[in-house]
Structures are given as C-alpha cells and as structure tokens.
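# Structural features, examined
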Amino acid sequence: MDINVASAAVETFVQDYAGPGGRKAVELRIHPSGDDMNAIKVWVNLGPDAENDDLHAWCQACEAAVREALGGDLDGYHLEMRADAM
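Its 16 residues place the ends of helix α2 (residues 55-70) 22 Å apart at the C-alpha level, agreeing with the 22 Å of an ideal helix rising 1.5 Å per residue. Here α2 has its buried residues at Leu55, Trp58, Cys59, Cys62, Ala65, Val66 and Leu70. Down the axis of α2, the buried set is contained in an arc of 135°. They therefore lie on one face. Structural note: α2 exposes His56 and Glu68 on the side pointing more than 90 degrees away from its buried face. Residues of α2 that are buried make contact with α1 (3-16), β2 (39-45) and β3 (78-84). Regarding α2, its N-cap is Asp54, as a side-chain oxygen of that residue lies 3.2 Å from the backbone nitrogen of His56 further along. Just downstream of α2, Gly71 is the residue with a positive phi angle, here 55°.

Take a look at the structure:
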C-alpha cells in the first residue's frame, strides 16, 4: 500500500477510534513524515478532559487497534503516535 493511501486509511480509522476510557480524538492530524519515507505521523488532541489520562497508553492502544484493523497493509510503516490533552 502506498504511504499516502496508508495515511488516509489510518486517518479514517483514528477518526472513529475510542481508546481507553472511551476517549476519542477531538482533533487529529495524520500525514506521511517528510523525514522518513516509511513513517506516518499521527497527532491527536483528546480534549482538555483527558488531562489526567495516560496519553502514552492511549497511543499504544490506538496503534495496536490500527494495526489489527488494517492488517498487513501497514507492514513496513512506522507510526509515530502523539496525543495531547488541550
């Protein structure tokens, strides 16, 4: 799968993903990395109510769910996940 198609598939999945605590992204940016041709950068804002949540755990759970949902289509791609509570 082309990295642009893979990025779009990741974005579609993450838009509807509810992670630990039922948190969903209120804002997200997903795009191929300009530095690493095998990396997809994923940034999500979980909103101010997630301030005391374990954001790292949310990212880990989200990446695992994305990889399970998209299967081998993401083989060879690294997801650079980051979550904020703003």
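Taking burial as the measure, the 7 residues of β2 include 6 buried ones, the bulk of the element. Sheet topology note: the strand β1 (residues 27-32)/β2 ladder contains 6 bridges and is antiparallel. Paired with Arg29 across the two strands is Trp43, which belongs to β2. Counting the residues in the hairpin turn of β1 and β2 gives 6 residues. Sheet analysis places β2 next to β3, joined by 7 bridges and oriented parallel. The partner of Ala39 across the bridge, within β3, is His78. Viewed along the sheet, the connection from β2 through α2 into β3 turns out right-handed.

About the cut-offs
Residues numbered from 1 in each chain as written. Predicted model: local features only at pLDDT ≥ 70, side-chain atom pairs only at ≥ 80, totals over all residues. Heavy atoms only, no water. Helix = DSSP H or I, 4+ residues; strand = E, 2+ residues; numbered from the N terminus. Expected span 1.5 Å × (residues − 1). Buried < 20%, exposed > 50% of the residue type's maximum accessible area, 1.4 Å probe, protein only. Arc of directions from axis to C-beta. Contact = heavy atoms within 4.5 Å. Polar contact = N/O pair within 3.5 Å; in protein donor to acceptor, adjacent residues only side chain to side chain. Pairing = 2+ DSSP bridges. Right-handed = clockwise from strand over helix to strand, strands pointing away.

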